[in-house]
Amino acid sequence: WHALGLPITDAQIAEMESHAEDIDFAMAAEEERKLRHDVMAHVHTFAHCCPTAAPIIHLGATSCYVGDNTDLIALRDGFNILLPKLARVIDRLANFLEEYADLPTLGFTHFQPAQLTTVGKRACLWLQDLVMDVRNLERARDNLRFRGVKGTTGTQASFLQLFQGDHDKVEELDKMVTEMAGFKKAYLVTGQTYSRKVDIDCMSTLADLGASVYKICTDIHLLANLKEIEEPFEKEQIGSSAMPYKRNPMRAERCCSLARHLITLIADPLQTASVQWLERTLDDSANRRTFLPESFLAADIILSTLQNITEGLVVYPKVIETRIHNDLPFMATENIIMVKTFLAEEIRPLLEPYKANMDVKVELVL
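Residues numbered from 1 in each chain as written. Predicted model: local features only at pLDDT ≥ 70, side-chain atom pairs only at ≥ 80, totals over all residues. Heavy atoms only, no water.

### Remarks on the overall build of the protein chain
Of regular secondary structure, the protein chain possesses 12 helices and four strands. A compact globule built from 366 residues should have a C-alpha radius of gyration of about 21 Å, whereas the protein chain, at 32 Å, is more than 25% larger. Structurally, the protein chain occupies a C-alpha span of about 120 × 60 × 35 Å along its principal axes. Put simply, the protein chain has 366 residues, and 38% of those count as buried. Across the protein chain, every contact between residues at least 6 apart in sequence was considered, and the portion connecting residues at least 24 apart equals 75%. Per element, the accessible surface of the protein chain, about 21,500 Å² overall, is 58% carbon and sulfur. (Helix = DSSP H or I, 4+ residues; strand = E, 2+ residues; numbered from the N terminus. Rg over C-alpha atoms; globule rule 2.2 N^0.38 Å. Buried < 20%, exposed > 50% of the residue type's maximum accessible area, 1.4 Å probe, protein only. Contact = heavy atoms within 4.5 Å. Areas by Shrake-Rupley, 256 points an atom, 1.4 Å probe, with all protein chains shown as cover.)

### Re the domain arrangement of the protein chain
When cut into domains, the protein chain gives domain 1 (1-59) and domain 2 (60-234 + 243-315). Each of domain 1 and domain 2 was reduced to a C-alpha centroid, and the two centroids are 33 Å apart. Residue-level contacts link nine residues of domain 1 with 13 residues of domain 2. For the domain 1 and domain 2 pair, buried surface summed over both sides reaches about 1,000 Å², with 67% attributable to carbon and sulfur atoms. Three residues stand out in domain 1 for area buried against domain 2, namely Trp1, Leu4 and His58, and they jointly supply 53% of the buried area on that side. Summed over the shared surface of domain 1 and domain 2, the number is one salt bridge. Across the salt bridge formed by Asp38 and Arg289, the nearest N and O atoms sit 2.6 Å from each other. Between domain 1 and domain 2 we count six residue pairs in polar contact (both at pLDDT 80 or more) in total. (Domains from an automatic or database assignment. Buried area = accessible area lost by both parts, 1.4 Å probe. Salt bridge = Lys/Arg side-chain N within 4 Å of Asp/Glu carboxyl O. Polar contact = N/O pair within 3.5 Å; in protein donor to acceptor, adjacent residues only side chain to side chain.)

### Here we look at the packing of helix H4 (residues 63-99) against helix H11 (residues 285-311)
For any two helices packed against each other, the geometry is given by the interaxial angle and the distance between the axes. Interaxial distance between H4 and H11 falls to 9 Å at its minimum, and their mutual angle equals 15°. It follows that H4 is roughly parallel to H11 by the angle criterion. The crossing of H4 and H11 is left-handed. Of the residues belonging to the contact of H4 with H11, the class tally is 12 nonpolar, four polar and eight charged. (Axes fitted to C-alpha atoms, helices over the stretch in contact; angles between N-to-C directions. Parallel < 35°, antiparallel > 145°, perpendicular 65-115°, else oblique. Left-handed = near helix turned anticlockwise from the far one by under 90°. Nonpolar A, V, L, I, M, F, W, Y, C, P; charged D, E, K, R; others polar.)

### Re the nonpolar core
Core analysis: the largest hydrophobic core is formed by 75 residues, its most contacted members being Leu75, Leu144 and Met203. Elements represented by at least two residues in this core include exactly H4, helix H5 (119-143), helix H6 (157-162), helix H7 (167-180), helix H8 (197-225), helix H9 (250-264), H11 and helix H12 (317-351). Summarising the domain contributions, this core has at least three residues from each of domain 1 (1-59) and domain 2 (60-234 + 243-315). Excluding residues that lie within four positions of it along the chain, Leu144 makes contacts with Leu72, Leu75, Arg76, Phe79, Phe183, Tyr187, Val198 and Cys202. (Core = buried A, V, L, I, M, F, W, Y, C linked by side-chain atoms within 4.5 Å.)

### Re the packing of aromatic side chains
Any pair of aromatic rings gets described here by the distance separating the centres and the angle formed by the planes. Tallied over the full model, the rule gives six aromatic pairs. Relative to Tyr100, the ring of Phe96 lies with its centre 5.0 Å away and its plane at 45°, an arrangement referred to as tilted. Judged by relative accessible area, Tyr100 falls into the buried class, the value being 16%. One residue, Arg196, lies across the ring of Tyr194, its end atom 4.8 Å from the ring centre. (Phe/Tyr/Trp six-rings, centres within 6.5 Å; stacked < 30°, edge-to-face > 60°. Lys NZ or Arg CZ within 6 Å of the ring centre and 35° of its normal.)

### Here we look at a nonpolar patch on the surface
A surface patch of nonpolar side chains, about 400 Å² in accessible area, is lined by Val275, Trp277 and Leu278. As for its placement among the helices and strands, Leu278 is situated in the loop between helix H10 (267-274) and H11. (Patch = residues over 30% accessible without salt bridge, like charges linked within 9 Å, V, L, I, M, F, W, Y side chains within 5 Å.)

### Comments concerning the pairing of strand E2 (residues 112-118)
In this sheet, E2 lies alongside strand E1 (residues 104-109) in antiparallel orientation, the contact comprising five bridges. Within E2, the residue paired with Pro104 across the bridge is Thr118. Here E1 folds back onto E2, and the loop between the two strands holds two residues, one of which, His110, carries a positive phi near 60°. (Pairing = 2+ DSSP bridges.)

### A closer look at the pattern of salt bridges
Counted according to the given criterion, the structure contains 20 salt bridges. Across the pair Asp199 and Arg288 runs a salt bridge whose closest N-O atoms are separated by 2.7 Å. Placement of Asp199 in helix H8 and of Arg288 in helix H11 is noted, with a sequence separation of 89 residues between them. For Asp199, a relative accessible area of 1% translates into the label buried. Overall, the relative accessible area of 5% leaves Arg288 in the buried class. Put simply, Arg323 and Glu228 hold a salt bridge, and the shortest N to O gap is 2.8 Å. Here Glu228 lies in the loop between H8 and strand E3 (229-230) and Arg323 lies in helix H12, a separation of 95 residues in the sequence. Judged by relative accessible area, Glu228 falls into the buried class, the value being 1%. Three or more residues are tied together by salt bridges with common partners; here these are Asp68, Arg196, Arg280 and Asp284.

### Observations concerning unusual backbone geometry
We note that Arg36 has phi near 55°; this positive angle belongs to a residue other than glycine. Inspection of the secondary structure assignment puts Arg36 in the loop between helix H2 (25-35) and helix H3 (38-49). A relative accessible area of 70% places Arg36 in the exposed class.

Written out as structure tokens, the structure is:
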């Protein structure tokens, strides 16, 4: 605003900069108790630190200028925290599948013995899903825009008034604020808030990640029961308080538990977006304050736990080999079926025109 010519002084800016981190949370809580408004509670608290700048702290703005723009920064930064963690899981899993690419193992469909695959090939199924999740998270992050400077109902009316109807300056202000927040673009159209479909897009990618982790850890859980593959199990770890011989896959189970919670959270943004009346209703607020942080926190801990699992997976080749030998006779049936099918569908029809001559016998004369 100062750069665009509004009567804001260098002293006011310097005062706010010098107290940017001096947040009196006790005073803010007391202000909110009186005002019943969280943003204005902090505006008043900040104004207490900055008496000279008090008149301009919230000038022309609305609560969503503060809250929604901050949420978009948090969403972007949240993805930037998750993506390197997901990349590390992929790296550890890639090392694992490379090591066991050639180790034959019995494949399962319907959790019934099927045909041979390899331990590494099975891990490729997990890896491919996680690579898809990287692309989805990057897309969701890169598609984020800033709400920017839009006013109370998305018309920028308050800022147009401040700049005495100068549209170019208002647009320049929007552009400057957007770029200062680290975004390349702002949403062209908003109501009081940015569209809550943005939250759906972000949360659906996290729910999708949760589904991938749930599948991977369920597979590890099943393989642990078969005693073919185990998650890390420390020397003094106790699997069960009553049954000390048990080796419960508690890390995989923890991932499944939290991934299930992450998956269910997608219902909140779907319902919130569907009931936003006209320019906005406030029933989105308390709901978003739970599902936004909980989604990222859940995704964060399941990735950290999955990294720990993939760094220490233990494979038991002898158990795998024994199971293959036990089911080998059944696996041969597919080859038998293929031979019979080949005879029935290819060879017998070929011979049909010559059927009358099939009984002729040749006697060799030496």
